[in-house]
Each structure stands twice: as structure tokens, then as C-alpha cells.
Amino acid sequence: MKFRWCFELALKYLFPSGKRFPFLSIISIIGVTLGVMILFVVGSVMDGFQSEICSKIVNTQGDIRVDSCGIITNSDQVLRLLESEDNVSAASGYIMGFLMMQFQDLQAYPLAKGVEMHDESKVMPIDKYIVEGDLEQFGDDMVIIGCDLARRLGIKIGDTVEVYSPLTLQDLQNDELILPRSFEVSAIYRSGWNQIDSNFLIFTKHAMEELYGMSDDECHGFSVKLQNIRRAGDTVLSLRHKLPGLRVSSWQEINEDFLFVLKLEKTMMMFVLFFILLIASFSIASSLMISVVKKRREIGLLCALGASLKEIASVFVFEGMIIGIFGCIFGLLFGTIALLFRNLVLAILTKIVGINDLMLRFYDFAKLPVKYSGDSILMIVIFTMLICCLAGLIPALAASKVKPANVLRNE
């Protein structure tokens, strides 16, 4: 090949034979390695966080939500239609609204959801989230409460809470004496989704019907679980066609703003960290410029032997490319090793700082989540190679301007 000798010469310049240690080459490779390693670790952790959070959203909200601006009066008919849809594995109707809850002298205004537990357990894995109590005795006079809300109010299993519904408050305006409805706390759950754990109650559908004055065939919406989440878009379009009077939304559409923030956060963090590679590229450019100065005599000799200026320049571009290749290999290797020991490092750091339960409290992650993305790795490798080749381009242009006659005359 025409440029084969250029590549071999670039290797020889980077790693010369003999006892001399290639200090500048090693430093350049280390700089690229650290940049790739940090990008790979941060990108994998951010993808892991995003994947875990999205998983918790789907598990608590369902793959698709069907609702309306008011009350759905023919809920049984809609439920049968949803269950007959090809890609739907389960559906559960719910009544949802805000309540006023009182325990001793403390008040809260949580969001409450009334469900048929048999249907809801097929959409939301409630059993998996129960940390205290059980669902076996769950009935119309009982309530399931989030762990953060229970901790804030000091509620324990077996305690009784008093609940006022909007219907109750409306009757109070008419100077009627309405007593609150009492419920026993049968279970405490932790979903890992802070918005739910700190401000959410679960009742039976019949109990919520009484609190909101609704009939058995009425509800506010449906949570839907799909067999194949990849076909969610087609299923949403199909249900919108079959249910023209209702709103049908996928979990991505419901949480569009939040998912955009997650994606933007990762993009901005990766953008900032890319400057580490730019810094490493300056060390590559400086080491190759030193190489050009040192090898002016050899460059002049190569030109005198018939090497073209393009071939001389390609030698230094190949040097930058070789540094990028080694940097990517070692960066991904050491990054993988760092991720394997991530939880050990995290445990040591949190113990030193004194925030051992920080991850568990705010994210419900006992371990640091990681997801390896082929697209992210490919982007890191391409950007690294581009930066390294551009770093070698400046010395290459300098080498191509060397006048062989002047260099050999001075030598």
C-alpha cells in the first residue's frame, strides 16, 4: 500500500527501538486514556440512572394511560376494549384525586388512587414494593401509604388515619356536620420514585367511589401494561382510533419534560467532559511538534529520497491516530474495571463524607446503576479519533513545509 511505510514510520517514531523510553508518547496516550475513561464511566452511569428511573416510572404509571378531562362513565366497556387489544397484557381502572389526611395533629394533602387490587397488581408490581405489612387483608377500610409520607407523619402499620374528601369539604360548606372517614394503615411501600413515596395513597376502588361519590361503572382513567413496549406507538394510535373521546398517552408522552431534562443533563455533562480530550489533544500536538523539530533532518532526507509532502504529513497524522487508538483501548479497558468496582468506591466515599443513605434515600438505588450503550461508546471513540487526528494535523502541516535542500545544507 502507498501509505504503509508512513504508518510503519509513525509507529517507529512513537515507539523507537533501543533503550530510549518514549516518554512523550506515553504521556500523550495517558492523557487520551484518562479522557476516554472519564467519558465512558460518566456516560455509562448516566445511562444507568436514566434506565433505572424510566423503569420506575413505567412500573408505577404503566406503559400507557387512558383518561379524560372528567369522569369516564362506561368504564366496564372501556376496560373490555382495552383488554381485547392485541398488544395489551393487562389494564386496570382507577379513581384518582387529592385528599386531606390527618394523623394525630399532623395534616397532609396527598394524591390518592383507588384500584381493584387484582387488576392493578398486573400493571404495577405492588407486592414488590411493600416494605412493611402485606396485601392479604387489604380491604375497603384500609389504606397503603408511601414510606416517605409515613416517615414524615410518624405513621406505622396498624395506625388509623382520618381522611376528608372534596365531597366531604363541600358538605361542610353547607353547615353540615360530616365526620371524616377512618382508615387503618395495612401496608407501607417504597417504589423508589420520590414523588410517589412522599405523596401517594392507595385505596380500594370501592372506598374511593364512596369518598368521591361515584358509581361502580365510573372511573377517572386506566393504566395499561403492554406485552411489547417497542410497539407502544402503534398501540397508542390504535387505541386513539377506537376511543376517540378519551386521551391515550404513552409513558414517554406523559413524562416528556422530565425525560428531556434527563437527556439534557447527560448531554451537557458529556459536553463539559469532552474538553478533557481537547486538553489531551494539546499534549499530543505539542509532543508531535517537538518530534517535527527533532526530525527535521530525517524529514529532509525522506523528501530527498522522493517522499511527497502528503506522505510526510500523513506520518504525523498516523501518529495522532495511533495515540487515539491506544487511548481508546486503554480508556475503555480501565473504565470497565472502574465500573466493576464502582460500588466499593462509592461506599468508601459516602462513608468518608458521612452520607451513607444518600443514594437510597433520594434514588432508592442501593448500588450505582450502570448501563453500557453501544451508541455512546461509538460516539466517544469517533470523537476521540477525530480529536487525535486533528491534533496530529498541525505538526503534519509544519512537517510538510520543511525544505529538504535547506535542512540538508545546514546539516
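The rules we used
- Residues numbered from 1 in each chain as written.
- Predicted model: local features only at pLDDT ≥ 70, side-chain atom pairs only at ≥ 80, totals over all residues.
- Heavy atoms only, no water.
- Helix = DSSP H or I, 4+ residues; strand = E, 2+ residues; numbered from the N terminus.
- Buried < 20%, exposed > 50% of the residue type's maximum accessible area, 1.4 Å probe, protein only.
- Salt bridge = Lys/Arg side-chain N within 4 Å of Asp/Glu carboxyl O.
- 1 Å grid on protein atoms, 1.4 Å probe; cavity = no way out; pocket = protein on both sides within 12 Å on 5 of 7 lines; lining within 4 Å.
- Points joined across faces, edges and corners; volume = space filled by probe spheres on them.
- Nonpolar A, V, L, I, M, F, W, Y, C, P; charged D, E, K, R; others polar.
- Contact = heavy atoms within 4.5 Å.
- Arc of directions from axis to C-beta.
- Axes fitted to C-alpha atoms, helices over the stretch in contact; angles between N-to-C directions.
- Parallel < 35°, antiparallel > 145°, perpendicular 65-115°, else oblique.
- Left-handed = near helix turned anticlockwise from the far one by under 90°.
- Patch = residues over 30% accessible without salt bridge, like charges linked within 9 Å, V, L, I, M, F, W, Y side chains within 5 Å.
- Areas by Shrake-Rupley, 256 points an atom, 1.4 Å probe, with all protein chains shown as cover.
- Lys, Arg positive; Asp, Glu negative; His and termini not counted.
- Charge placed at Lys NZ, Arg CZ, Asp CG, Glu CD.
- Phe/Tyr/Trp six-rings, centres within 6.5 Å; stacked < 30°, edge-to-face > 60°.

S.K.: With reference to specific residues and values, describe the overall build of the protein.
M.R.: When you go through the protein residue by residue, the secondary structure sums to 18 helices and 12 strands. Residues counted as buried form 46% of the 411 residues belonging to the protein.

S.K.: Residues and numbers for the pattern of salt bridges, please.
M.R.: One pass over the structure, following the stated rule, counts 9 salt bridges. Residue Lys 205 is joined to Glu 209 by a salt bridge in which the shortest nitrogen-to-oxygen separation is 2.9 Å. Of this pair, Lys 205 and Glu 209 both sit in helix 9 (residues 205-212), 4 residues apart, which is roughly one turn of that helix.

S.K.: Describe the layout of surface pockets, with residues and values.
M.R.: Estimates place the volume of the second largest pocket at around 310 Å³. Around the second largest pocket, the lining is made up of 17 residues, and of these Gln 61, Arg 65, Leu 111, Ile 196 and Phe 200 lie nearest the centre. Contributions of two or more residues to the lining of the second largest pocket are made by helix 2 (23-61), strand 2 (88-98), strand 5 (111-115) and helix 8 (194-197). Considered class by class, the residues forming the lining of the second largest pocket number 9 nonpolar, 6 polar and 2 charged.

S.K.: Describe in detail the environment of Met 100, supporting the description with residues and values.
M.R.: Residue placement: Met 100 occurs in strand 3 (residues 100-103). With a relative accessible area of 19%, Met 100 lands in the buried category. Spatially, the C-alpha atoms of Met 100 and Leu 111 are 9.0 Å apart, while their sequence positions differ by 11 residues. Beyond its immediate sequence surroundings of up to four residues, Met 100 is in contact with Ala 108, Tyr 109, Glu 162, Val 163 and Tyr 164.

S.K.: Summarise helix 1 (residues 4-14); cite the residues concerned and give the values.
M.R.: For an α-helix the count is 3.6 residues per turn, leaving residues at separations of three or four pointing the same way. Inspection of helix 1 places Cys 6, Leu 9, Ala 10, Tyr 13 and Leu 14 among the buried residues, and these make up the whole buried set. Relative to the axis of helix 1, the buried residues are bounded by an arc of 135° and lie together on one face.

S.K.: Quick one: what's the story with the packing of helix 1 against helix 14 (residues 309-340), residue by residue and with numbers?
M.R.: For the pair helix 1 and helix 14, interaxial distance at closest approach is 8 Å and the crossing angle is 60°. By the angle between their axes, helix 1 is oblique relative to helix 14. Of the two elements, helix 1 crosses helix 14, and the hand of that crossing is right-handed. On helix 14, the residues that touch Trp 5, Cys 6, Phe 7, Leu 9, Ala 10, Leu 11, Tyr 13 and Leu 14 of helix 1 are Glu 311, Ser 314, Val 315, Phe 318, Glu 319, Met 321, Ile 322 and Ile 323. Residues of the contact of helix 1 with helix 14, tallied by class, amount to 13 nonpolar, 1 polar and 2 charged.

S.K.: Could you give me a rundown of a negative patch on the surface, with the residues and numbers involved?
M.R.: A cluster of acidic residues, Asp 76, Glu 116, Asp 140, Asp 141, Glu 184 and Asp 216, forms a negative patch at the surface. Relative to the elements of secondary structure, Asp 216 occurs in the loop between helix 9 and strand 11 (219-226).

S.K.: Give me empty space enclosed by the protein: which residues, what numbers.
M.R.: On inspection of all chains with the given rule, the structure shows 1 cavity of 30 Å³ or more. When its volume is computed, the largest cavity comes out at roughly 40 Å³. Along the walls of the largest cavity sit Leu 39, Phe 40, Gly 43, Ser 44, Asp 47, Lys 371, Ser 373, Ser 376, Ile 377 and Ile 380, which together make up its complete lining. Those elements that provide at least two residues to the lining of the largest cavity are helix 2 and helix 17 (374-400). For the lining of the largest cavity, a count of residues per class yields 4 nonpolar, 4 polar and 2 charged.

S.K.: Could you give me a rundown of the packing of helix 2 against helix 14, with the residues and numbers involved?
M.R.: As a packed pair, helix 2 and helix 14 sit with axes 7 Å apart at the nearest point and diverge in direction by 45°. For the element pair helix 2 / helix 14, the angle class is oblique. When you trace helix 2 past helix 14, the crossing you get is right-handed. For the contact of helix 2 with helix 14, a count of residues per class yields 15 nonpolar, 8 polar and no charged.

S.K.: Give a description of the packing of aromatic side chains that names residues and reports values.
M.R.: Using the criterion set out here, one finds 4 aromatic pairs in the structure. Between the aromatic rings of Phe 183 and Phe 203, the centroid separation amounts to 4.7 Å while the plane-to-plane angle is 65°, which identifies the pairing as edge-to-face. Of the two residues, Phe 183 sits in strand 9 (residues 181-189) while Phe 203 sits in strand 10 (residues 200-204), which places them 20 residues apart along the sequence. Residue Phe 183 shares its accessibility class with Phe 203, and that shared class is buried. With 6.2 Å between their ring centres and 20° between their planes, Phe 326 and Phe 330 make a pair best called stacked. One end of the pair, Phe 326, and the other, Phe 330, are both in helix 14, 4 residues apart, so they sit about a helical turn from each other. Classification of Phe 326 by relative accessible area gives partly exposed; the value is 29%. The structure contains a cluster of three or more aromatic residues connected by ring pairs, namely Phe 326, Phe 330 and Phe 334.

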